[in-house]
Amino acid sequence: MALIVQKYGGTSVGSIERIRNVAERVAKFKALGHQVVAVVSAMSGETNRLIDLAKQIQKEPDPRELDVLLSTGEQVTIALLAMALKDLGLRAKSYTGGQVRILTDDAHTKARILAIDEENLRRDLDSGHVVVVAGFQGVDAAGNITTLGRGGSDTTGVALAAALKADECQIYTDVDGVYTTDPRIVPEARRLKTITFEEMLEMASLGSKVLQIRSVEFAGKYKVKLRVLSSFEDEGEGTLITFEEENMEQPVISGIAFNRDEAKLTIVGVPDRPGIAAHILGPIAEANIDVDMIVQNVGVDGTTDFSFTVHRNELKKAMDVLSMVKTAIGARDVLGDDKIAKVSIVGVGMRTHAGIASKMFKALADENINIQMISTSEIKISVVVDDKYMELAVRALHQAFGLDQPASA
Ligand code: ADP
Ligand code: ASP
Ligand code: MG
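Residues numbered from 1 in each chain as written. Chains lettered and ligands numbered in written order. Predicted model: local features only at pLDDT ≥ 70, side-chain atom pairs only at ≥ 80, totals over all residues. Heavy atoms only, no water.

Draft legend 1. Local environment of the overall build of the protein chain. Broken down by element type, the protein chain carries 12 helices and 20 strands. If you line up the protein chain on its principal axes, its C-alpha atoms span 80 × 55 × 35 Å. Partitioning the intrachain contacts of the protein chain with sequence separation of at least 6 by distance along the chain shows that 75% fall at a separation of at least 24. Accessible area of the protein chain: about 19400 Å², with a carbon and sulfur share of 50%. Considering the protein chain, the positive charge centre built from 46 side chains and the negative charge centre built from 57 side chains are found 3 Å apart. (Helix = DSSP H or I, 4+ residues; strand = E, 2+ residues; numbered from the N terminus. Contact = heavy atoms within 4.5 Å. Areas by Shrake-Rupley, 256 points an atom, 1.4 Å probe, with all protein chains shown as cover. Lys, Arg positive; Asp, Glu negative; His and termini not counted. Charge placed at Lys NZ, Arg CZ, Asp CG, Glu CD.)

So, in structure tokens, the structure goes:
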């Protein structure tokens, strides 16, 4: 007998038929003698619909009230799934995040889980119930409803698996695993049988939304056995997220991630003297704006152009800060560009192979794609390119690194 946490995403509970289908899958695991916790998202499109309603009233919705609103999406699906399970003759009980007592901090719309009271759940599981828990939501110390950021049901699933010391956490979605890149962009993308935690962490943080990054962090920290599977297929082993084993044969590049979440700022004609980077980025940090990539070039006239990227939502705020900095340090101009995309290749095999960067740059050059910024770490290389070339860049790299081809035996 195993304890399994199964998380079902929006499309997996997107209609009454799909919810019945989920109930049948849960019933199969129960019939095998397992204990099952089912974590569910809101029906697909529902969270967006609710955000849209809120924005019709307030351009920037009040965060506390937005969380009250958004949490209703998952409250609908837990009740419906519990009913569908009962309809199959199973014992089932639904729980909101607050009812479980998934305690979070008070950062509305992006709260972090601090602790989970798993006692009630365990009692229900031991008495033969399927426990159905609302994903994406918790409660802060003062009793306010909080939500965990978009895609947060993944994190609820993994956090519950960690708290209950589950044997496995299964993430059921509309693809049958983690692919070499988003199969919606590259139809030739292949499912990976396994991917290391490190690689999955990079993929998620660089834009692959198949798993929310915090869910991967949790799984790594608490050693949760994590698998991504399709709820639309009966068979299939999906993708297992593994800890890297020594001597394990690794492909050089495992996957390609991309995102359009960032914007680039350039402060032009900055006097080239010590302390200038701190002068520019200090006020940005004080305004609580996270900086991702940074590039500085010294021009022929002894001034430098200093560029960096921030989240697209913060472009305006960052431009305002920089226009003040510009006057203070005597720079020529401040430019903002939100028509950029970041494309990244990820692979633990990069550690032991040379020439990966030049191969990447050549593949992009062959397609006439200009690279605006570059950043690297031990297991990833990211480039910023013009937004309109993003898909072309992903396809070119997918092919150049042989990801279209079945892995050699
Ligand atoms: P859910 O609602 O089940 O949480 P999401 O839409 O959040 O589903 O995540 C699944 C989607 O992630 C897929 O439909 C796919 O388009 C996208 N995706 C992005 N990158 C990848 C990848 N590397 N492998 C698989 N899916 C990916
Ligand atoms: N319903 C939430 C969202 O759409 C949480 C989730 O689906 O994981 O982001
Ligand atoms: Mg998701």
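Anyway, onward from the coordinates.
Draft legend 2. Expanded view of the packing of aromatic side chains. Enumeration according to the criterion identifies 4 aromatic pairs in this entry. Against the face of Phe232 rests Arg18, its NZ or CZ located 3.8 Å from the ring centre. (Phe/Tyr/Trp six-rings, centres within 6.5 Å; stacked < 30°, edge-to-face > 60°. Lys NZ or Arg CZ within 6 Å of the ring centre and 35° of its normal.)

Draft legend 3. The site of ligand 2, seen in detail. Taken together, Ser41, Ala42, Thr47, Glu74, Phe136, Arg150, Gly151, Gly152 and Ser153 are the residues near ligand 2. Interatomic distance of 2.7 Å between a side-chain N/O atom of Arg150 and an oxygen atom of ligand 2. About the coverage of ligand 2: the protein hides 86% of its 260 Å² of free accessible area. Its residues assigned to classes, the shell around ligand 2 comprises 2 nonpolar, 5 polar and 2 charged. (Near = heavy atom within 4 Å. Polar contact = N/O pair within 3.5 Å; in protein donor to acceptor, adjacent residues only side chain to side chain. Nonpolar A, V, L, I, M, F, W, Y, C, P; charged D, E, K, R; others polar.)

Draft legend 4. Local environment of the sheet that holds strand E16 (residues 303-311). If you trace the 4 strands from one edge of the open sheet to the other, you get E15-E16-E14-E17, paired in antiparallel fashion. Two strands bound the open sheet, and with one partner strand each, they are strand E15 (291-298) and strand E17 (333-337). Geometrically, the sheet is characterised by an average inter-axis angle of 15° between neighbouring strands, direction not taken into account. Examined bridge by bridge, strand E14 (residues 262-271) and E16 share 8 bridges and lie antiparallel to one another. Its bridge partner being in E16, Pro271 is matched across the sheet by Thr303. Sitting on the sheet, helix H9 (residues 276-286) touches E14, E15 and E16, and the angle it makes with E16 is about 25°. Against the sheet, helix H10 (residues 315-329) touches E14, E16 and E17, its axis set at about 5° to E14. (Pairing = 2+ DSSP bridges. Axes fitted to C-alpha atoms, helices over the stretch in contact; angles between N-to-C directions.)

Draft legend 5. Region of the structure containing the site of ligand 1. Residues in close proximity to ligand 1 total 17 residues, the closest being Thr173, Asp174, Tyr179, Asp182 and Arg184. For ligand 1, an oxygen atom lies 3.0 Å from a polar atom in the side chain of Lys7. Taken by itself ligand 1 offers 570 Å² of open surface, and the protein chains cover 90% of this. Classifying every residue of the shell around ligand 1 by side-chain character gives 6 nonpolar, 6 polar and 5 charged.

Draft legend 6. A look at the pairing of strand E11 (residues 226-230). Burial analysis of E11 places 5 of its 5 residues in the buried class, which makes it a mostly covered element. Neither face of E11 is exposed, since Leu226, Val228 and Ser230 on one face and Arg227 and Leu229 on the opposite face are all buried. Bridge count for E11 against strand E12 (residues 239-242) is 3 bridges, and the pairing is antiparallel. Pairing of Leu226 across the sheet is with Ile241, part of E12. (Buried < 20%, exposed > 50% of the residue type's maximum accessible area, 1.4 Å probe, protein only.)

Draft legend 7. Representation of the nonpolar core in the model. Counting residues in hydrophobic clusters, the biggest one holds 43 residues, and the most contacted among them are Val37 and Val133. Of all the elements, helix H6 (residues 153-163) adds the most residues to this core, at 6 residues. In this view, Val133 contacts Val37, Ala38, Val39, Val40, Ile78, Tyr95, Val100, Ile102, Leu121, Thr156 and Leu160; residues no more than four positions away in its chain are not counted. (Core = buried A, V, L, I, M, F, W, Y, C linked by side-chain atoms within 4.5 Å.)

Draft legend 8. Geometry of the sheet that holds E11. Strand order in the open sheet made by the 8 strands is E3-E6-E2-E1-E9-E11-E12-E10, with mixed pairing throughout. What marks the edges here is a single partner per strand, and that holds for strand E3 (92-95) and strand E10 (194-196). The sheet shows a mean angle of 20° between the axes of neighbouring strands, direction not considered. In this sheet, E11 lies alongside strand E9 (residues 168-173) in parallel orientation, the contact comprising 5 bridges.

Draft legend 9. Quick look at the environment of Lys362. The residue Lys362 is located in helix H11 (residues 356-366) in this model. Judged by relative accessible area, Lys362 falls into the exposed class, the value being 51%. With 38 residues separating them along the chain, Lys362 and Ala400 place their C-alpha atoms 9.2 Å apart.

Draft legend 10. Highlighting the packing of H11 against helix H12 (residues 390-400). For the pair H11 and H12, the least separation of the axes is 9 Å and the interaxial angle reads 130°. Our classification of the angle between H11 and H12 gives oblique. The two elements H11 and H12 meet at a crossing, and its hand is right-handed. Where H11 approaches H12, its residues Lys359, Met360, Ala363 and Leu364 are matched on the opposing element by Ala393, Ala396, Leu397 and Ala400. Split into classes, the residues belonging to the contact of H11 with H12 amount to 7 nonpolar, no polar and 1 charged. (Parallel < 35°, antiparallel > 145°, perpendicular 65-115°, else oblique. Left-handed = near helix turned anticlockwise from the far one by under 90°.)

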